[in-house]
Amino acid sequence: MTTDPARMHSVTGDTTELVDLVLDYSRRRILATDTPLDKPLPESELRRLAGRTVSENGMGAERALAVFEHVLAPACITTDHPRYLSFIPTAPTKAATAFDLVVSASAVYGGSWLEGSGAVYAENQVLAWLASEFGLPATAGGVFVQGGTLGNLSALVAARDHARSERGNPAGRWIIVCSAEAHSSVASAARVMDVDVVTVSPGESGVLSGDAVRPALAEHGAAVFAVVATAGSTNFGIVDDIASIAALKDEFDFWLHVDGAYGLAGMLSPLARPRFAGVERADSLIVDPHKWLFAPFDACALLYRDPEQGRRAHTQHAEYLDTLTEATEWSPSDYAAHLTRRARGLPFWFSLASHGAAAYRDAVTASLLLARRIADEIDRRDGFHLVRQPQLSVVVFEREGWTKEDYALWSARLLDEQRAFVTPSSHAGRTNTRFAILNPLTTFEDLVEILDSMED
(Lines give C-alpha, C1' and ligand atoms only; values in the text may rest on other atoms or scores of the structure.)
Protein backbone atom coordinates (compact mmCIF):
# COMPACT_ATOMS: atom_id res chain seq x y z
CA MET A 1 0.00 0.00 0.00
CA THR A 2 1.42 3.39 -0.97
CA THR A 3 0.65 6.72 0.61
CA ASP A 4 0.99 10.28 -0.57
CA PRO A 5 4.44 11.45 0.64
CA ALA A 6 3.13 15.03 0.91
CA ARG A 7 0.10 14.19 3.04
CA MET A 8 1.70 15.42 6.30
CA HIS A 9 2.47 18.80 4.74
CA SER A 10 -0.57 19.43 2.58
CA VAL A 11 -3.57 21.45 3.68
CA THR A 12 -6.32 18.87 3.81
CA GLY A 13 -9.32 18.17 5.93
CA ASP A 14 -7.17 16.02 8.22
CA THR A 15 -4.50 18.67 8.73
CA THR A 16 -7.13 21.34 9.26
CA GLU A 17 -8.71 19.23 11.98
CA LEU A 18 -5.27 18.59 13.52
CA VAL A 19 -4.43 22.30 13.65
CA ASP A 20 -7.83 23.10 15.15
CA LEU A 21 -7.26 20.50 17.86
CA VAL A 22 -3.85 21.90 18.78
CA LEU A 23 -4.97 25.53 18.73
CA ASP A 24 -8.01 24.73 20.85
CA TYR A 25 -5.85 22.99 23.43
CA SER A 26 -3.33 25.85 23.38
CA ARG A 27 -6.05 28.44 23.87
CA ARG A 28 -7.52 26.55 26.82
CA ARG A 29 -4.10 26.12 28.40
CA ILE A 30 -2.99 29.74 27.95
CA LEU A 31 -6.24 31.14 29.35
CA ALA A 32 -6.65 28.61 32.16
CA THR A 33 -6.85 30.05 35.66
CA ASP A 34 -6.80 26.76 37.56
CA THR A 35 -3.95 24.78 35.99
CA PRO A 36 -2.72 22.30 38.62
CA LEU A 37 0.90 22.05 39.72
CA ASP A 38 1.00 18.42 38.60
CA LYS A 39 3.92 16.14 39.48
CA PRO A 40 6.29 13.60 37.98
CA LEU A 41 5.33 9.94 37.58
CA PRO A 42 7.57 6.87 37.56
CA GLU A 43 8.47 5.55 34.13
CA SER A 44 6.59 2.35 34.86
CA GLU A 45 3.40 4.32 35.49
CA LEU A 46 3.84 6.37 32.33
CA ARG A 47 4.40 3.16 30.40
CA ARG A 48 1.19 1.77 31.84
CA LEU A 49 -0.87 4.88 31.11
CA ALA A 50 0.59 6.01 27.79
CA GLY A 51 1.78 2.72 26.38
CA ARG A 52 3.69 2.71 23.12
CA THR A 53 3.10 6.02 21.39
CA VAL A 54 5.30 5.64 18.30
CA SER A 55 4.32 3.09 15.66
CA GLU A 56 4.62 2.54 11.94
CA ASN A 57 1.16 3.84 11.10
CA GLY A 58 0.61 6.36 13.90
CA MET A 59 -2.24 6.72 16.37
CA GLY A 60 -3.85 9.81 14.87
CA ALA A 61 -3.72 13.41 16.05
CA GLU A 62 -6.77 13.25 18.31
CA ARG A 63 -5.46 10.30 20.28
CA ALA A 64 -1.90 11.67 20.41
CA LEU A 65 -3.13 14.99 21.79
CA ALA A 66 -5.29 13.17 24.32
CA VAL A 67 -2.26 11.19 25.53
CA PHE A 68 -0.34 14.42 25.96
CA GLU A 69 -3.14 16.33 27.66
CA HIS A 70 -4.26 13.60 30.05
CA VAL A 71 -1.09 11.58 30.67
CA LEU A 72 2.14 13.30 29.66
CA ALA A 73 1.43 16.94 30.57
CA PRO A 74 0.16 16.07 34.09
CA ALA A 75 3.47 14.28 34.65
CA CYS A 76 5.32 17.59 34.18
CA ILE A 77 5.39 20.17 36.97
CA THR A 78 3.76 23.42 35.83
CA THR A 79 6.61 25.92 35.96
CA ASP A 80 4.40 29.00 35.60
CA HIS A 81 2.20 28.05 38.56
CA PRO A 82 2.09 30.82 41.22
CA ARG A 83 3.22 28.30 43.85
CA TYR A 84 6.14 26.99 41.85
CA LEU A 85 8.79 28.56 44.07
CA SER A 86 11.81 26.29 43.59
CA PHE A 87 14.96 26.76 41.54
CA ILE A 88 14.24 29.86 39.41
CA PRO A 89 10.67 29.68 38.04
CA THR A 90 9.36 30.95 34.75
CA ALA A 91 6.28 33.14 34.48
CA PRO A 92 5.69 34.10 30.85
CA THR A 93 3.11 36.73 30.06
CA LYS A 94 0.08 35.62 28.11
CA ALA A 95 1.31 37.74 25.21
CA ALA A 96 4.72 36.05 25.17
CA THR A 97 3.25 32.56 25.40
CA ALA A 98 0.72 33.23 22.65
CA PHE A 99 3.35 34.69 20.35
CA ASP A 100 5.53 31.63 20.83
CA LEU A 101 2.89 29.86 18.74
CA VAL A 102 3.24 32.53 16.06
CA VAL A 103 7.01 32.07 15.90
CA SER A 104 6.62 28.37 15.21
CA ALA A 105 3.77 28.90 12.77
CA SER A 106 5.71 31.50 10.77
CA ALA A 107 8.61 29.23 9.80
CA VAL A 108 11.06 31.99 10.70
CA TYR A 109 14.78 31.21 10.70
CA GLY A 110 16.63 33.46 13.12
CA GLY A 111 20.25 32.77 12.23
CA SER A 112 20.95 35.31 9.51
CA TRP A 113 19.83 38.70 8.26
CA LEU A 114 19.47 37.25 4.76
CA GLU A 115 16.83 34.75 5.87
CA GLY A 116 15.19 36.53 8.78
CA SER A 117 15.89 40.27 8.70
CA GLY A 118 12.50 41.19 10.17
CA ALA A 119 12.91 38.84 13.11
CA VAL A 120 16.51 39.92 13.66
CA TYR A 121 15.47 43.57 13.58
CA ALA A 122 12.85 42.98 16.27
CA GLU A 123 15.24 40.96 18.45
CA ASN A 124 17.90 43.64 18.09
CA GLN A 125 15.41 46.28 19.23
CA VAL A 126 15.01 44.36 22.48
CA LEU A 127 18.75 43.81 22.85
CA ALA A 128 19.36 47.54 22.35
CA TRP A 129 16.76 48.33 25.02
CA LEU A 130 18.41 45.94 27.45
CA ALA A 131 21.85 47.35 26.70
CA SER A 132 20.55 50.85 27.43
CA GLU A 133 18.97 49.69 30.70
CA PHE A 134 22.29 48.19 31.76
CA GLY A 135 24.30 51.29 30.83
CA LEU A 136 26.18 49.77 27.91
CA PRO A 137 27.05 51.99 24.93
CA ALA A 138 24.70 52.36 21.99
CA THR A 139 27.10 50.26 19.91
CA ALA A 140 26.61 47.21 22.16
CA GLY A 141 24.82 44.21 20.73
CA GLY A 142 24.48 40.47 20.85
CA VAL A 143 22.08 37.62 20.41
CA PHE A 144 19.43 35.51 22.10
CA VAL A 145 20.72 32.01 22.86
CA GLN A 146 19.23 28.94 24.49
CA GLY A 147 20.07 29.67 28.14
CA GLY A 148 22.58 31.00 30.61
CA THR A 149 24.98 28.09 30.22
CA LEU A 150 25.38 28.71 26.48
CA GLY A 151 25.44 32.46 27.07
CA ASN A 152 28.25 32.23 29.62
CA LEU A 153 30.19 29.80 27.45
CA SER A 154 29.89 32.00 24.36
CA ALA A 155 30.94 35.14 26.23
CA LEU A 156 33.95 33.42 27.78
CA VAL A 157 35.03 31.97 24.43
CA ALA A 158 34.99 35.52 23.05
CA ALA A 159 36.95 36.72 26.08
CA ARG A 160 39.68 34.14 25.54
CA ASP A 161 39.80 34.87 21.83
CA HIS A 162 40.26 38.55 22.62
CA ALA A 163 43.04 37.81 25.13
CA ARG A 164 44.86 35.63 22.60
CA SER A 165 44.71 38.35 19.97
CA GLU A 166 45.96 40.97 22.43
CA ARG A 167 48.74 39.11 24.26
CA GLY A 168 49.13 35.60 22.84
CA ASN A 169 48.93 32.45 24.93
CA PRO A 170 50.17 32.40 28.53
CA ALA A 171 53.11 30.30 29.67
CA GLY A 172 50.71 28.07 31.57
CA ARG A 173 46.94 27.62 31.27
CA TRP A 174 44.28 30.23 30.79
CA ILE A 175 42.36 31.16 33.94
CA ILE A 176 38.86 32.42 34.77
CA VAL A 177 38.45 34.11 38.17
CA CYS A 178 35.03 34.00 39.80
CA SER A 179 33.30 33.73 43.15
CA ALA A 180 33.05 30.42 44.94
CA GLU A 181 29.28 31.14 44.77
CA ALA A 182 29.28 31.57 40.97
CA HIS A 183 26.81 29.54 38.94
CA SER A 184 27.85 26.01 38.02
CA SER A 185 27.73 26.95 34.33
CA VAL A 186 31.01 28.88 34.73
CA ALA A 187 32.83 25.72 35.76
CA SER A 188 31.02 23.86 32.98
CA ALA A 189 32.21 26.40 30.42
CA ALA A 190 35.77 26.08 31.72
CA ARG A 191 35.65 22.30 31.24
CA VAL A 192 34.43 22.69 27.69
CA MET A 193 37.12 25.29 26.96
CA ASP A 194 39.84 23.31 28.81
CA VAL A 195 40.80 26.26 30.97
CA ASP A 196 41.17 26.60 34.74
CA VAL A 197 38.91 28.31 37.24
CA VAL A 198 40.27 30.12 40.28
CA THR A 199 37.46 30.61 42.79
CA VAL A 200 37.58 33.40 45.33
CA SER A 201 35.72 33.30 48.63
CA PRO A 202 33.15 36.09 48.85
CA GLY A 203 33.18 35.92 52.63
CA GLU A 204 30.21 35.62 54.95
CA SER A 205 28.16 38.18 53.02
CA GLY A 206 28.33 36.15 49.83
CA VAL A 207 29.17 39.34 47.92
CA LEU A 208 32.35 39.11 45.86
CA SER A 209 34.37 42.34 46.04
CA GLY A 210 37.28 43.84 44.19
CA ASP A 211 39.46 43.49 47.28
CA ALA A 212 38.87 39.72 47.22
CA VAL A 213 39.58 39.46 43.49
CA ARG A 214 42.76 41.57 43.49
CA PRO A 215 45.09 38.91 44.99
CA ALA A 216 44.03 36.36 42.35
CA LEU A 217 44.77 38.84 39.57
CA ALA A 218 48.12 39.74 41.09
CA GLU A 219 49.10 36.09 41.53
CA HIS A 220 48.07 34.76 38.12
CA GLY A 221 48.78 37.82 35.98
CA ALA A 222 48.38 37.53 32.24
CA ALA A 223 46.95 34.01 32.52
CA VAL A 224 43.66 35.52 33.74
CA PHE A 225 41.61 36.30 30.67
CA ALA A 226 38.23 36.87 32.38
CA VAL A 227 36.64 37.71 35.70
CA VAL A 228 33.02 36.65 36.15
CA ALA A 229 30.83 38.71 38.48
CA THR A 230 27.41 37.43 39.50
CA ALA A 231 24.38 39.72 39.36
CA GLY A 232 21.92 37.69 41.39
CA SER A 233 23.10 34.25 42.49
CA THR A 234 20.68 31.37 42.03
CA ASN A 235 20.74 30.18 45.63
CA PHE A 236 20.44 33.51 47.44
CA GLY A 237 19.89 36.19 44.80
CA ILE A 238 23.12 37.93 45.86
CA VAL A 239 24.66 40.62 43.67
CA ASP A 240 28.44 40.91 43.70
CA ASP A 241 30.10 44.28 44.24
CA ILE A 242 30.44 44.75 40.52
CA ALA A 243 31.67 48.34 40.75
CA SER A 244 34.72 47.44 42.85
CA ILE A 245 35.50 44.47 40.57
CA ALA A 246 35.15 46.66 37.48
CA ALA A 247 37.51 49.24 39.03
CA LEU A 248 40.28 46.64 38.85
CA LYS A 249 40.19 46.99 35.07
CA ASP A 250 42.09 50.25 35.59
CA GLU A 251 45.04 48.20 36.92
CA PHE A 252 44.72 44.76 35.33
CA ASP A 253 43.96 43.54 31.83
CA PHE A 254 40.93 41.25 31.92
CA TRP A 255 37.51 40.82 30.35
CA LEU A 256 34.66 41.48 32.78
CA HIS A 257 31.70 39.19 32.24
CA VAL A 258 28.54 39.64 34.31
CA ASP A 259 26.35 36.59 34.82
CA GLY A 260 22.95 38.13 35.43
CA ALA A 261 20.89 35.20 34.17
CA TYR A 262 18.39 35.50 36.99
CA GLY A 263 19.03 38.76 38.78
CA LEU A 264 20.04 41.39 36.25
CA ALA A 265 16.39 42.00 35.40
CA GLY A 266 16.21 43.56 38.87
CA MET A 267 17.81 46.66 37.34
CA LEU A 268 14.43 47.49 35.86
CA SER A 269 13.17 48.38 39.33
CA PRO A 270 14.32 51.53 41.14
CA LEU A 271 14.26 49.46 44.34
CA ALA A 272 17.16 47.28 43.20
CA ARG A 273 18.94 49.29 40.53
CA PRO A 274 21.63 50.76 42.83
CA ARG A 275 22.86 47.25 43.66
CA PHE A 276 24.07 46.79 40.10
CA ALA A 277 26.49 49.72 39.91
CA GLY A 278 29.42 48.79 37.70
CA VAL A 279 27.47 46.69 35.20
CA GLU A 280 27.98 49.49 32.70
CA ARG A 281 31.69 48.55 32.55
CA ALA A 282 31.05 44.94 31.59
CA ASP A 283 32.63 43.59 28.40
CA SER A 284 29.79 41.08 28.18
CA LEU A 285 26.75 40.07 30.18
CA ILE A 286 23.78 37.76 30.12
CA VAL A 287 20.20 37.91 31.37
CA ASP A 288 17.54 35.23 30.85
CA PRO A 289 14.15 36.56 29.73
CA HIS A 290 12.65 33.15 30.54
CA LYS A 291 13.30 33.94 34.20
CA TRP A 292 12.43 37.42 35.53
CA LEU A 293 11.52 39.01 32.20
CA PHE A 294 8.46 36.83 31.72
CA ALA A 295 9.24 35.07 28.46
CA PRO A 296 8.71 31.35 27.77
CA PHE A 297 11.55 28.84 27.70
CA ASP A 298 14.11 29.19 26.32
CA ALA A 299 15.82 32.56 25.91
CA CYS A 300 19.04 34.10 27.19
CA ALA A 301 20.12 37.56 26.05
CA LEU A 302 23.88 37.72 25.52
CA LEU A 303 25.28 41.24 25.09
CA TYR A 304 28.78 42.38 24.14
CA ARG A 305 30.14 45.85 24.77
CA ASP A 306 31.96 45.43 21.44
CA PRO A 307 29.99 42.95 19.33
CA GLU A 308 32.90 42.64 16.92
CA GLN A 309 34.73 40.65 19.60
CA GLY A 310 31.90 38.14 19.64
CA ARG A 311 31.70 37.99 15.86
CA ARG A 312 35.40 37.30 15.46
CA ALA A 313 35.27 34.49 18.00
CA HIS A 314 32.14 32.75 16.74
CA THR A 315 31.61 33.22 13.00
CA GLN A 316 31.68 29.82 11.31
CA HIS A 317 33.36 29.53 7.92
CA ALA A 318 32.40 27.11 5.17
CA GLU A 319 31.94 27.38 1.42
CA TYR A 320 28.18 27.10 1.66
CA LEU A 321 28.16 29.91 4.25
CA ASP A 322 30.14 32.40 2.14
CA THR A 323 26.96 34.23 1.16
CA LEU A 324 26.36 34.95 4.85
CA THR A 325 29.87 35.47 6.23
CA GLU A 326 30.88 37.85 3.44
CA ALA A 327 27.82 40.02 4.02
CA THR A 328 27.90 43.09 6.27
CA GLU A 329 24.41 42.67 7.74
CA TRP A 330 23.88 41.47 11.33
CA SER A 331 23.58 37.69 11.51
CA PRO A 332 22.84 36.36 15.02
CA SER A 333 24.60 33.07 14.37
CA ASP A 334 27.89 34.97 14.35
CA TYR A 335 27.73 35.95 18.02
CA ALA A 336 27.58 32.69 19.99
CA ALA A 337 28.48 29.01 19.87
CA HIS A 338 25.64 28.04 17.55
CA LEU A 339 24.60 28.21 13.91
CA THR A 340 20.99 27.12 13.39
CA ARG A 341 18.78 29.10 15.71
CA ARG A 342 15.15 29.76 16.42
CA ALA A 343 14.14 33.42 16.69
CA ARG A 344 13.73 32.85 20.42
CA GLY A 345 13.74 36.54 21.29
CA LEU A 346 10.48 37.23 19.45
CA PRO A 347 8.02 36.18 22.19
CA PHE A 348 9.76 38.60 24.57
CA TRP A 349 9.75 41.30 21.88
CA PHE A 350 6.01 40.91 21.28
CA SER A 351 5.14 41.12 24.98
CA LEU A 352 7.47 44.06 25.59
CA ALA A 353 6.20 45.89 22.50
CA SER A 354 2.59 45.17 23.49
CA HIS A 355 2.73 46.12 27.17
CA GLY A 356 5.63 48.59 27.36
CA ALA A 357 8.64 48.72 29.65
CA ALA A 358 6.72 50.32 32.53
CA ALA A 359 4.64 47.16 32.97
CA TYR A 360 7.83 45.15 33.31
CA ARG A 361 9.23 47.57 35.89
CA ASP A 362 6.05 47.25 37.92
CA ALA A 363 6.12 43.44 37.80
CA VAL A 364 9.77 43.22 38.87
CA THR A 365 9.15 45.73 41.67
CA ALA A 366 6.19 43.67 42.90
CA SER A 367 8.44 40.61 43.28
CA LEU A 368 10.96 42.62 45.28
CA LEU A 369 8.30 44.00 47.60
CA LEU A 370 6.73 40.58 48.16
CA ALA A 371 10.14 39.07 48.97
CA ARG A 372 10.76 41.75 51.60
CA ARG A 373 7.31 41.30 53.08
CA ILE A 374 7.55 37.52 53.46
CA ALA A 375 11.12 37.85 54.81
CA ASP A 376 9.73 40.08 57.57
CA GLU A 377 7.02 37.51 58.25
CA ILE A 378 9.60 34.72 58.54
CA ASP A 379 11.82 36.86 60.77
CA ARG A 380 9.03 37.48 63.27
CA ARG A 381 7.89 33.83 63.54
CA ASP A 382 9.08 31.68 66.40
CA GLY A 383 10.83 28.55 65.19
CA PHE A 384 11.92 30.07 61.90
CA HIS A 385 15.28 31.53 60.97
CA LEU A 386 15.85 33.87 58.02
CA VAL A 387 19.28 32.90 56.68
CA ARG A 388 19.84 36.27 55.00
CA GLN A 389 17.83 39.36 54.27
CA PRO A 390 16.94 39.12 50.57
CA GLN A 391 18.72 41.43 48.16
CA LEU A 392 16.40 40.54 45.29
CA SER A 393 13.49 38.08 45.21
CA VAL A 394 14.99 34.89 46.68
CA VAL A 395 14.17 34.31 50.35
CA VAL A 396 16.15 31.59 52.16
CA PHE A 397 15.10 30.34 55.57
CA GLU A 398 15.28 27.44 58.03
CA ARG A 399 12.74 25.69 60.20
CA GLU A 400 14.60 25.37 63.46
CA GLY A 401 15.22 21.82 64.59
CA TRP A 402 14.42 20.27 61.22
CA THR A 403 16.67 17.66 59.66
CA LYS A 404 17.30 17.10 55.96
CA GLU A 405 14.74 14.32 56.08
CA ASP A 406 12.14 16.65 57.64
CA TYR A 407 12.52 19.11 54.77
CA ALA A 408 12.34 16.35 52.18
CA LEU A 409 9.16 14.83 53.65
CA TRP A 410 7.52 18.24 53.94
CA SER A 411 8.44 19.17 50.35
CA ALA A 412 7.13 15.87 48.99
CA ARG A 413 3.88 16.29 50.93
CA LEU A 414 3.34 19.79 49.55
CA LEU A 415 3.69 18.56 45.99
CA ASP A 416 1.70 15.40 46.57
CA GLU A 417 -1.15 17.49 47.96
CA GLN A 418 -0.76 19.96 45.06
CA ARG A 419 -0.26 22.85 47.48
CA ALA A 420 3.16 24.09 46.30
CA PHE A 421 6.50 23.14 44.80
CA VAL A 422 9.18 24.16 47.31
CA THR A 423 12.29 22.00 47.44
CA PRO A 424 15.00 21.77 50.11
CA SER A 425 18.27 23.58 49.53
CA SER A 426 21.42 24.02 51.59
CA HIS A 427 24.18 26.44 52.45
CA ALA A 428 27.46 25.83 54.27
CA GLY A 429 26.37 22.31 55.11
CA ARG A 430 23.02 23.32 56.63
CA THR A 431 19.75 22.28 55.01
CA ASN A 432 17.25 25.04 54.37
CA THR A 433 14.53 25.94 51.92
CA ARG A 434 13.80 28.98 49.80
CA PHE A 435 11.13 30.94 48.00
CA ALA A 436 12.15 32.09 44.52
CA ILE A 437 9.54 34.77 43.89
CA LEU A 438 9.17 35.85 40.26
CA ASN A 439 5.57 35.21 39.30
CA PRO A 440 3.35 38.31 39.66
CA LEU A 441 0.44 35.98 40.46
CA THR A 442 2.13 34.69 43.62
CA THR A 443 0.49 36.25 46.67
CA PHE A 444 1.54 36.91 50.26
CA GLU A 445 -1.27 34.59 51.33
CA ASP A 446 0.20 31.79 49.19
CA LEU A 447 3.52 32.11 50.98
CA VAL A 448 2.00 32.38 54.45
CA GLU A 449 0.02 29.20 53.85
CA ILE A 450 3.23 27.39 52.93
CA LEU A 451 4.90 28.64 56.11
CA ASP A 452 1.89 27.48 58.11
CA SER A 453 2.29 24.01 56.61
CA MET A 454 5.68 23.78 58.33
CA GLU A 455 3.91 24.06 61.68
CA ASP A 456 1.27 21.40 60.99
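Refer to the preceding data block for the structure.
Now for a quick tour of the structure. (Residues numbered from 1 in each chain as written. Predicted model: local features only at pLDDT ≥ 70, side-chain atom pairs only at ≥ 80, totals over all residues. Heavy atoms only, no water.)

## What about the packing of helix H4 (residues 94–105) against helix H13 (residues 346–355)?
Put simply, the rule is: Axis geometry follows a simple rule: fit a line to the C-alpha atoms, using only the stretch in contact for helices, then measure angles between N-to-C directions, giving values from 0 to 180 degrees. What counts as a helix is a DSSP run of H or I of at least four residues, what counts as a strand is a run of E of at least two, and both are numbered from the N terminus. In what follows, roughly perpendicular refers to angles from 65 to 115 degrees, roughly parallel to angles under 35, roughly antiparallel to angles over 145, and oblique to any angle outside these ranges. A clockwise turn of the near helix away from the far one marks a right-handed crossing, whereas an anticlockwise turn of less than a right angle marks a left-handed crossing. What makes two residues a contact is simply this: any of their non-hydrogen atoms within 4.5 Å.
Contact pair H4 / H13: the axes reach a minimum separation of 8 Å and the direction vectors enclose 135 degrees. One way to sum up the angle between H4 and H13 is to call them oblique. When the axes of H4 and H13 are compared, the crossing they make is right-handed. For the pair H4 and H13, the contacting residues are Ala 95, Ala 96, Phe 99, Asp 100 and Val 103 in the first and Leu 346, Pro 347, Trp 349, Phe 350, Ser 351 and His 355 in the second.

## A short note on the sheet that holds strand S10 (residues 424–427)
Which entries qualify depends on this criterion: Two strands pair if DSSP finds at least two bridges between them.
A sheet is described by the order of its strands in space; here four strands give the open sequence S8-S9-S11-S10, paired in antiparallel fashion. Two strands lie at the open edges of the sheet, namely strand S8 (384–386) and S10, each paired on one side alone. Taking each pair of neighbouring strands and ignoring which way they run, the sheet shows an average axis angle of 45 degrees. Summarising the sheet, S8 and strand S9 (residues 394–399) pair through three bridges and their orientation is antiparallel. Paired with His 385 across the two strands is Glu 398, which belongs to S9.

## What about the pattern of salt bridges?
Opposite charge on two side chains makes pairing possible when the charged atoms of those side chains draw close. The cut-off we apply is this: Here a salt bridge means any side-chain nitrogen of Lys or Arg lying within 4 Å of a carboxyl oxygen belonging to Asp or Glu. We call a residue buried when its accessible area falls under 20% of the maximum for its residue type, exposed when it is over 50%, and partly exposed in between, using a 1.4 Å probe and counting protein chains only.
Taken as a whole, this structure holds 28 salt bridges when the rule is applied. With a shortest N-O distance of 3.1 Å, Arg 47 and Glu 43 are connected by a salt bridge. Residue Arg 47 and its partner Glu 43 are both found in helix H2 (residues 43–50); the two are separated by four residues, about one turn of the helix. Here Arg 47 and Glu 43 have matching classes, each one exposed. Its salt-bridge partner being Lys 291, residue Asp 288 comes within 2.5 Å of it at the nearest N-O pair. An identical accessibility class is assigned to Asp 288 and Lys 291; each is buried. Several salt bridges share partner residues, and in doing so they unite Glu 377, Arg 380, Arg 381, Asp 452 and Glu 455 into one network.

## Side note on the side chain of Ser 112
Short version of the rule: Whenever two N or O atoms come within 3.5 Å, that pair is a polar contact, provided that in protein one can donate a hydrogen and the other can accept it, and provided that, for residues adjacent in sequence, both atoms are side-chain atoms.
Looking at where Ser 112 falls in the secondary structure, it is placed in the loop between H4 and helix H5 (113–133). A relative accessible area of 1% places Ser 112 in the buried class. A distance of 2.5 Å separates the side chain of Ser 112 from the side chain of Glu 115, its partner in a polar contact.

## With respect to the packing of aromatic side chains
Applicable threshold: In summary, the pairing rule links any two rings of Phe, Tyr or Trp, Trp by its six-membered ring, whose centres are within 6.5 Å, and it sorts them by plane angle into stacked for under 30 degrees, edge-to-face for over 60 and tilted for everything else.
Under the defined criterion, the tally for this structure stands at 15 aromatic pairs. Residues Tyr 84 and Phe 421 carry aromatic rings whose centres are separated by 5.0 Å and whose planes lie at 50 degrees to one another, so their mutual orientation is tilted. Of this pair, Tyr 84 sits in the loop between helix H3 (61–72) and H4 while Phe 421 sits in the loop between helix H15 (404–416) and S10, and the two are 337 residues apart along the sequence. There is no split in this pair, since Tyr 84 and Phe 421 are both buried. Aromatic side chains Trp 402 and Trp 410 sit 5.9 Å apart centroid to centroid with 65 degrees between the ring planes, which places their arrangement in the edge-to-face category.

Interpretation note: all reported values are geometric properties and have no functional meaning in isolation.
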